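Structure assessment
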Amino acid sequence: MTITELRSLSQTQSNKAVLAPKKPRWGSYTVYAGLAAILIYCLAPFYWMIVSSLRRTADIFDNSLLPAPFSLENYVKVFDGSTMFGQALLNSLIVAGVTTAAALVLGIFAAYAISRLNFRFKSVILGVIIATSMFPGISVVVPLLKFFTNIGWINTYQAMIVPNLSFAIPLAVWNLTTFMKSLPFDLEEAAMIDGCTKWQAFRKVLLPLAAPGIFTTAILTFIHSWNEFIIALSMVNDPRIQTATVAISKFTGATEFQAPFGEQMAAGVIVTIPLVIMVLVFQRRIVEGLTSGAGK
Amino acid sequence: MAALLLSPTAVVLALVIAYPLISAIHQSLYADQTGIDADGFVTEGETFVGLGNYLNLLTGDAGDRFLNAFANTTFFTLTTVSLETILGLILALAMNRAFRGRSFLRASILIPWAVPTAVSGLLWRWIFQSDGIANNLLGSEILWTAEGAASKIAVIVAEVWKTAPFIGLLVLAGMQVIPEEVYEAAKIDGAGWWRQLGSITLPLVKPTLLVAVLFRLLDALRMFDLPFVLIGPGKDSVETLSMLAWDESNQLRYGSASAFAVILFLYVAVVAVVFVKVLGADVTGTKELRLARKKTRSQKAGPAS
């Protein structure tokens, strides 16, 4: 028996408590060591970004684990106006918000039709909608770039929102359909027997029941749209319309060798913080949403 | 009724998916030309070149660049997805054992997933700086973000960091629906941890794992943001098909850009179809059958371990 086998055996034993715990301490140590390794793996790069953002420009190349003189200098610089970062955050919020709202409205109707109504080619339609989510972003961007140039949409919000729907709608339809299918039809049926119309049954029975699923879908769609890069990069070159992800990628200094890393890290932290808060608050829902499709 | 409810979705998808696809195919048959006509005026126009854009991909300078981008895309997809799968499985196995602090773990594992790719590109660019923390910890002086093999490694590390947790989460969800009784029974039959892993856990999470891997494959094939931000556009050693197409359209060469976009689309479609075929072939076999097959296989391999 190798050491790893021994170790894993002791893990099994200590955790499942089936056999007498011969080496309980060793077993729990390896479990905790493994978990600590996972935590370091996931959080260390992110932690490094936060620490670096809190250093002064002068000691940005320090490799100490804590910012030696703690400084908010980078954060002040990020918002000092020359980069229009505040505007970029607002743009991201507008683009991601409208994309999410539009995808949800269309997605709810489509998901209702697919999960509650009977019609021909239902699975084909669902299949096509899901297949579209595999469509590479660049294959959307190149033709639409030319089209939007012709109709004068370059440097507008809609030039980002409409292409964003190419991934947001499939995501929303897929998630909502899975969720609505898991809800019992009986309640709506009972409501309709009691004299509700289909619309009333949908609005007063199904919609409240589906609210958690809709909420989960909204979070996922919002995160995806917030993180979107290639569409925003291609459709917009005016810094006033740029989204935050594009803005930070263009945060370059005078020369390539003197990139303002402190500011970049600070901006990165600011862009990521809303998502981290969402993840911490709604982690259970996010995991459910991510896994519901794959688990079926 | 159904048609009414589905039509808005259909219209939008037609505009953002079907139209671009048809337009890209159409566009890829034309070449933009800027020339001087007989009277000395600058003319700009498009000429029909048939499959000329595609033929150009196979020859000349453009051909080398295309083949390089194609090779990079394939290389990154294969390396990152296989590393992610292995790491994701390990993450899921470790998290499946954790009882205390599981929700804290789950939140922290979601963080790499939630960090925008552009931000993670910047973050790793900083880590891989020539006098940055990576070289400091390794005691090396590697130029990670310049051209060359080191930049490939930088991209792979950054990509795997961000996406292995995603696979881990999906696989963990698959593991948690496996009933405890199966393990109890296996233990009574004297199966050790490795046997349980090989004969129970892996076969039962396989459907979930395959879906997760498919998602990741398709996503890795269109990789753009990470090499773009981490290393930069126009660098041979990390240029992917998406980056090449973007660069061409940036130079207003829509014809060849469309050809690249169409090729990438076909590549993604072929991988998806092949994968689903493999997946479909698996779904037809019942779980019990597969479990039994695995059991006999591992029994054969049993004495060796």
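Residues numbered from 1 in each chain as written. Chains lettered and ligands numbered in written order. Predicted model: local features only at pLDDT ≥ 70, side-chain atom pairs only at ≥ 80, totals over all residues.

Structural notes on the overall build of chain B
- Helices and strands together make up the secondary structure of chain B, namely 13 helices and two strands.
- By residue count, 41% of the 305 residues in chain B fall in the buried class.
- Considering only intrachain contacts with a sequence separation of at least 6, the fraction spanning at least 24 residues in chain B is 68%. (Helix = DSSP H or I, 4+ residues; strand = E, 2+ residues; numbered from the N terminus. Buried ≥ 20, exposed ≤ 12 C-beta atoms within 10 Å, placed from the backbone. Contact = placed C-beta atoms within 7 Å.)

Regarding the overall build of chain A
- Counting secondary structure elements, chain A contains twelve helices and zero strands.
- Sequence-ordered secondary structure for chain A, helices as α and strands as β, is α-α-α-α-α-α-α-α-α-α-α-α.
- Of the contacts made within chain A by residues no fewer than 6 positions apart, 70% connect residues no fewer than 24 positions apart.

Digging into the domain arrangement of chain A
Residues and elements named next belong to chain A.
- Segmenting chain A into domains produces domain 1 (3–53) and domain 2 (78–295).
- Counting residues at the interface gives four residues for domain 1 and six residues for domain 2.
- Split by residue class, the side of domain 1 that touches domain 2 holds two nonpolar, two polar and no charged. (Domains from an automatic or database assignment. Nonpolar A, V, L, I, M, F, W, Y, C, P; charged D, E, K, R; others polar.)

Looking at the packing of helix α7 (residues 158–182) of chain A against helix α9 (residues 198–227) of chain A
Residues and elements named next belong to chain A.
- Following both chains from N to C, one finds α7 and α9 inclined at 155 degrees, their axes separated by 9 Å at the closest point. Relative to α9, the element α7 is oriented roughly antiparallel. The way α7 lies across α9 gives a crossing that is right-handed. Here Asn 164, Phe 167, Ala 168, Leu 171, Ala 172, Asn 175, Leu 176, Phe 179 and Met 180 of α7 come into contact with α9, specifically with Ala 210, Gly 213, Ile 214, Thr 216, Thr 217, Leu 220, Thr 221, His 224 and Ser 225.
- Of the residues in the contact of α7 with α9, the class split is ten nonpolar, eight polar and no charged. (Axes fitted to C-alpha atoms, helices over the stretch in contact; angles between N-to-C directions. Parallel < 35°, antiparallel > 145°, perpendicular 65-115°, else oblique. Left-handed = near helix turned anticlockwise from the far one by under 90°.)

Remarks on the confidence of the model for chain B
Residue and element names in this part refer to chain B.
- Within chain B, residue pLDDT values average 80, and 84% of them lie at 70 or more.
- Mean pLDDT values over the elements of chain B span from 50, in helix α13 (residues 287–301), up to 89, in helix α5 (residues 117–127).
- Under a pLDDT of 50 for its full length, residues 281–290 has, in the predicted model, two contacts with residues more than four places off or in other chains.
- Of the two predicted TM-score estimates for the complex, the pTM is 0.82 and the ipTM is 0.80. (pLDDT = per-residue confidence, 0-100.)

Points about the interface of chain B and chain A
- In this assembly, 72 residues from chain B lie in contact with 76 residues from chain A.
- Among the elements that line the side of chain B that touches chain A, the one with the most residues is helix α1 (residues 2–27) of chain B, at 15 residues.

Looking at the nonpolar core
- Judged by nonpolar contacts, the single largest core of 160 residues is most densely connected at Ile138(A), Val142(A), Val171(B), Ala245(B), Phe260(B), Ala261(B) and Leu264(B).
- Per-domain counts for this core show at least three residues from each of domain 1 (3–53) and domain 2 (78–295) of chain A.
- Other than its neighbours up to four places away in sequence, Phe260(B) contacts Leu241(B), Leu244(B), Ala245(B) and Glu248(B). (Core = buried A, V, L, I, M, F, W, Y, C linked by C-beta atoms within 7 Å.)

With respect to the environment of Pro207(B)
Residue and element names in this part refer to chain B.
- Structurally, Pro 207 can be placed in helix α9 (residues 193–221).
- The class of Pro 207 is partly exposed, set by 18 C-beta atoms lying within 10 Å.
- Taking the C-alpha atoms as reference points, Pro 207 and Leu 78, 129 residues apart in sequence, are found 20 Å from one another.

Observations regarding the packing of helix α4 (residues 85–116) of chain A against α1(B)
- Where α4(A) contacts α1(B), the axes come no closer than 8 Å and their chain directions differ by 135 degrees. It follows from the interaxial angle that α4(A) and α1(B) lie oblique. At the point where α4(A) passes α1(B), the crossing takes the left-handed sense. Counting all contacts with α4(A), which are made through Leu106(A), Phe109(A), Ala110(A), Tyr112(A) and Ala113(A), the residues of α1(B) involved are Ala2(B), Leu5(B), Leu6(B), Pro8(B), Thr9(B) and Val12(B).
- For the contact of α4(A) with α1(B), the residue count by class is ten nonpolar, one polar and no charged.

Description of the confidence of the model for chain A
Residues and elements named next belong to chain A.
- Chain-level statistics for chain A give a pLDDT mean of 80 and a share of 85% at 70 or above.
- Across chain A, α4 holds the top mean pLDDT of 91, while helix α1 (residues 3–16) sits lowest at 47.
- Note that pLDDT drops below 50 for residues 4–24; the model gives that stretch 25 contacts with residues more than four away or on any other chain.

A look at α1(B)
Residue and element names in this part refer to chain B.
- The terminal C-alpha atoms of α1 lie 35 Å apart, and with 26 residues this matches the ideal 38 Å at 1.5 Å per residue to within 8%.
- Of all the bends in α1, the greatest measures close to 45 degrees and is centred on Ala 14.
- Every buried residue of α1 is listed here: Leu 6, Thr 9, Leu 13, Val 16, Ile 17, Pro 20, Ala 24 and Gln 27. (Expected span 1.5 Å × (residues − 1). Bend = angle between axes of the 7 residues up to and from the residue.)

Things to note about the environment of Met175(B)
Residues and elements named next belong to chain B.
- Within the fold, Met 175 resides in helix α7 (residues 149–176).
- Met 175 gets classed as buried once you count the C-beta atoms within 10 Å, which come to 20.
- Between the C-alpha atoms of Met 175 and Ile 200, which are 25 residues apart in sequence, the distance is 9.8 Å.
- Apart from the residues within four sequence positions on either side, Met 175 is in contact with Ala 92, Asn 96, Thr 201 and Val 205.

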